Amino acid sequence: MWDVAEELKAMLVFAEHRYYGKSLPFGVNSFKDSRHLNFLTSEQALADFAELIQHLKTTIPGAENQPVIAIGGSYGGMLAAWFRMKFPHLVVGALAASAPIWQFEDLVPCGIFMEIVTTDFRKSGPNCSECIRRSWDAINRLARTGPGLHWLSEVLHLCTPLTNSQDVQHLKDWIAETWINLAMVDYPYESNFLQPLPAWPIKVVCQYFKNPNVSDAQLLQNIFQALNVYYNYSGQARCLNISETATTSLGSLGWSYQACTEMVMPFCTNGIDDMFEPSSWDLQEFSDGCFRQWGVRPRPFWITALYGGKNISSHTNIIFSNGDLDPWSGGGVTKDITDTLIAVTISDGAHHLDLRANNAFDPKTVLLARSLEVKYMKQWIRDFYARLRGKH
């Protein structure tokens, strides 16, 4: 983004989403209860951005008759696309990177996300995904006894020892989330987006998963080595804390509430097409969990009613970019819809790689994607000035 802004002589503005970072409408009480959280919605966030653009245009000298492009990655990418759909008079176009706008209802199969995670591991080592698939039963067998729980806690160097079956489920969820995060940030160079990591971290992890036919004890020792790549690449960790998977605060509290209201994304696994324990999507169970945590019930059909689901061909000037390593690409737009709703697929690309700064290790595919994105942006800008001249 920085490089492109320079090329287009553009001003780069980062707008903080309400209820994230320092933008807390009720200060310390913002997350107190659902009454205070009522204003945390994607629609309200888009309205904030609309207000901000109008404010900038009236307060910054020379900005009034200039085009604006919405850019975002992940949820930010969804907002960028939706902003262009809802406020086409305020932005000339949008770049929606790794934006899973179709990860709702049954627009895509609920298992696609975990299948892509599994494919990433399978491609990075011949037996890698199979070792992980077998690890769940190994954990279950080892966790059946008190001494087994103690042994697991020791061998995985856990900060808090496992004491019951609930802890074991929590452990397995944490390990699964680690593999998911690795798939998202499988970048071709060292990075620290979620954690400090080596280049191509899944390849590094898969070095420990060469033989699926080892004993349960050996498999779990290998799991520890692999987890260590993610949690202790810097060598600073004294133990592994199963209550966190990312070092930086990415606003997980706000997202948890949004997932329980609007952002209802069905996920499932079957243990055959993916390397995870089978788990079906159960909306009622999900809803009950949301009610326990936030006192709210999800609205699973609202996002498609609000933003159109797959019926978006009447919109224009949106680029949807996705890396084929990114599990979120399963819920993204990966084929052109019209000649102005463009899909850009980045082979060997992970989560919004195209938005990251230029790097000497960038694959050619992302360089190509970026140049294509800039080509479209320049066209949108030209069209804007042509219309402006036509008015005068």
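So, how was this worked out
Residues numbered from 1 in each chain as written. Predicted model: local features only at pLDDT ≥ 70, side-chain atom pairs only at ≥ 80, totals over all residues. Heavy atoms only, no water. Axes fitted to C-alpha atoms, helices over the stretch in contact; angles between N-to-C directions. Helix = DSSP H or I, 4+ residues; strand = E, 2+ residues; numbered from the N terminus. Parallel < 35°, antiparallel > 145°, perpendicular 65-115°, else oblique. Left-handed = near helix turned anticlockwise from the far one by under 90°. Contact = heavy atoms within 4.5 Å. Nonpolar A, V, L, I, M, F, W, Y, C, P; charged D, E, K, R; others polar. Disulfide = S-S within 2.5 Å. Buried < 20%, exposed > 50% of the residue type's maximum accessible area, 1.4 Å probe, protein only. Core = buried A, V, L, I, M, F, W, Y, C linked by side-chain atoms within 4.5 Å. Pairing = 2+ DSSP bridges. Phe/Tyr/Trp six-rings, centres within 6.5 Å; stacked < 30°, edge-to-face > 60°.

An account of the packing of helix 11 (residues 252-259) against helix 12 (residues 283-294) is requested, with residue identities and associated values reported.
Running from amino to carboxyl end, helix 11 crosses helix 12 at an angle of 130 degrees, the nearest separation of the two axes being 10 Å. When the axis of helix 11 is compared with that of helix 12, the two are oblique. In terms of crossing hand, the pair formed by helix 11 and helix 12 is left-handed. Residues Leu253, Ser256, Tyr257 and Ala259 of helix 11 form the contact with helix 12, whose own contacting residues are Phe286, Gln293 and Trp294. For the contact of helix 11 with helix 12, the class distribution of residues is five nonpolar, two polar and no charged.

Go over the state of the cysteines, please, and point to the residues and values.
Within the structure shown, the criterion is met by four disulfides. Paired by a disulfide, Cys128 and Cys206 hold their sulfur atoms 2.0 Å apart. Torsion about the S-S bond of the Cys128 and Cys206 cystine: about -85 degrees, corresponding to left-handed handedness. Here the residue Cys128 occupies a position in helix 6 (residues 128-142), and Cys206 occupies one in helix 9 (residues 201-206), the gap between them amounting to 78 residues. Taken as a pair, Cys128 and Cys206 share a single burial class, namely buried. In the protein chain, numbering the disulfide-bonded cysteines from first to last in sequence yields the connectivity 1-7, 2-4, 3-5, 6-8. In this model Cys131 remains outside any disulfide bridge; the closest cysteine sulfur is found in Cys128, 6.8 Å from its own.

With reference to specific residues and values, describe the nonpolar core.
In this structure, Trp82, Ile101, Phe121, Leu156 and Trp179 are the most contacted members of the largest nonpolar core, which totals 104 residues. The element that contributes the greatest number of residues to this core is helix 8 (residues 165-184), accounting for 10 residues. For Phe121, the residues in contact, after removing those within four places along its chain, are Cys128, Ser129, Ile132, Trp179, Leu182, Ile202, Val205, Cys206 and Met275. In this structure, Leu40, Cys260, Trp294 and Val296 belong to the second largest nonpolar core, which totals nine residues.

I'd like a description of the sheet that holds strand 1 (residues 69-73), backed by residues and values.
Taken in spatial order, the four strands of this open sheet run 1-2-3-4, and their pairing is parallel. The open sheet is flanked by strand 1 and strand 4 (341-346), the only strands paired with a single partner. This sheet shows a mean twist of 10 degrees between the axes of neighbouring strands, independent of strand direction. Bridge count for strand 2 (residues 93-97) against strand 3 (residues 318-323) is four bridges, and the pairing is parallel. Across the sheet, the residue bridging to Ala94 is Ile318, located in strand 3. Running over the sheet, helix 14 (residues 364-391) touches strand 1, strand 2, strand 3 and strand 4 and is turned about 160 degrees from strand 4.

Give me the lowdown on the packing of helix 5 (residues 112-124) against helix 8, citing residues and values where you can.
In the contact formed by helix 5 and helix 8, the axes pass within 9 Å of each other and the chain directions differ by 75 degrees. In terms of orientation, helix 5 lies roughly perpendicular with respect to helix 8. Of helix 8, the residues touching helix 5 (which contributes Phe113, Met114, Val117, Asp120 and Phe121) are Trp179, Ile180, Leu182 and Ala183. Taken together, the residues of the contact of helix 5 with helix 8 break down into eight nonpolar, no polar and one charged.

For the packing of aromatic side chains, give the residues involved together with the corresponding values.
Evaluation of the coordinates by the stated rule reveals 19 aromatic pairs. Geometrically, the ring pair formed by Tyr19 and Phe31 is edge-to-face, given 6.0 Å between the ring centres and 80 degrees between the ring planes. Of the two residues, Tyr19 sits in the loop between helix 1 (2-7) and helix 2 (34-37) while Phe31 sits in the loop between helix 1 and helix 2, which places them 12 residues apart along the sequence. Residue classification places Phe31 among the partly exposed residues on the basis of a relative accessible area of 22%. With a centroid separation of 6.0 Å and 50 degrees between ring planes, the pair formed by Phe26 and Phe39 is classed as tilted. Of this pair, Phe26 sits in the loop between helix 1 and helix 2 while Phe39 sits in the loop between helix 2 and helix 3 (42-59); the two residues are 13 residues apart in sequence, bridging distant segments of the chain. You can call Phe26 partly exposed: its relative accessible area is 35%. Aromatic ring contacts, followed pair by pair, group Phe49, Phe83 and Phe87 into a single cluster.

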